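Residue-level structure breakdown
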Amino acid sequence: MKLDAISIITADMPSAVQFYSALGLDLVDGGADAPHTEFSSGSLRLLLDTEAVILSIDPEWTWPTGGHKMSLAFDCSNAEAVDTTFAQLT
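This report concerns the structure included in the present document. These numbers were taken from a predicted model, which means no experiment stands behind them.

A few words on the sheet that holds strand β3 (residues 36-41). If you walk across this open sheet you meet the four strands as β1-β4-β3-β2, and the pairing is mixed. Only two strands of the sheet have a single partner each, and these edge strands are β1 (5-10) and β2 (26-29). In this sheet, neighbouring strand axes are inclined to one another by 30° on average, regardless of whether the strands run parallel or antiparallel. One ladder, built from six bridges, connects β1 with strand β4 (residues 44-50); its direction is parallel. When the sheet's bridge partners are listed, Ser7 is paired in β4 with Leu47. Contacting β1, β3 and β4, helix α1 (residues 13-22) crosses the sheet at an angle of about 160° to β4.

Take a nonpolar patch on the surface next. Taken together, the side chains of Met70, Leu72 and Phe74 present a nonpolar region at the surface, about 250 Å² in accessible area. Among the structural elements, Phe74 can be located in the loop between α2 (51-57) and α3 (79-89). Exposure remark for Phe74: the relative accessible area of 36% places this residue in the partly exposed category.

In this structure the tally under the stated criterion is three aromatic pairs. With centroids separated by 5.0 Å and ring planes inclined at 80°, the aromatic side chains of Phe19 and Tyr20 adopt a geometry described as edge-to-face. Looking at Phe19, the relative accessible area reads 36%, which means it is partly exposed. Three or more aromatic residues joined by ring pairs make a cluster, and in this case those are Phe19, Tyr20 and Phe39.

Basis of the calculations
- Residues numbered from 1 in each chain as written.
- Predicted model: local features only at pLDDT ≥ 70, side-chain atom pairs only at ≥ 80, totals over all residues.
- Heavy atoms only, no water.
- Pairing = 2+ DSSP bridges.
- Helix = DSSP H or I, 4+ residues; strand = E, 2+ residues; numbered from the N terminus.
- Axes fitted to C-alpha atoms, helices over the stretch in contact; angles between N-to-C directions.
- Contact = heavy atoms within 4.5 Å.
- Patch = residues over 30% accessible without salt bridge, like charges linked within 9 Å, V, L, I, M, F, W, Y side chains within 5 Å.
- Areas by Shrake-Rupley, 256 points an atom, 1.4 Å probe, with all protein chains shown as cover.
- Salt bridge = Lys/Arg side-chain N within 4 Å of Asp/Glu carboxyl O.
- Buried < 20%, exposed > 50% of the residue type's maximum accessible area, 1.4 Å probe, protein only.
- Phe/Tyr/Trp six-rings, centres within 6.5 Å; stacked < 30°, edge-to-face > 60°.

Below, the structure written as structure tokens:
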């Protein structure tokens, strides 16, 4: 068994697609107007789903409450690359 994908629920698919594209992930399915989108990064997939998709799977689903529930780490070569990437994204 191996980790195949990480799934993220988004309330704003166009912004999420723009963000992960800017980070260099390869868009392989879906897009800004799709309810389900997939990116790849090597052998790992990043899945984005709208609230409507999740509610179609689990009608009782609600957004988690409290602090952040997860984070993703992207490898930058050095501190300058982190600052450059941050400036480009913000």
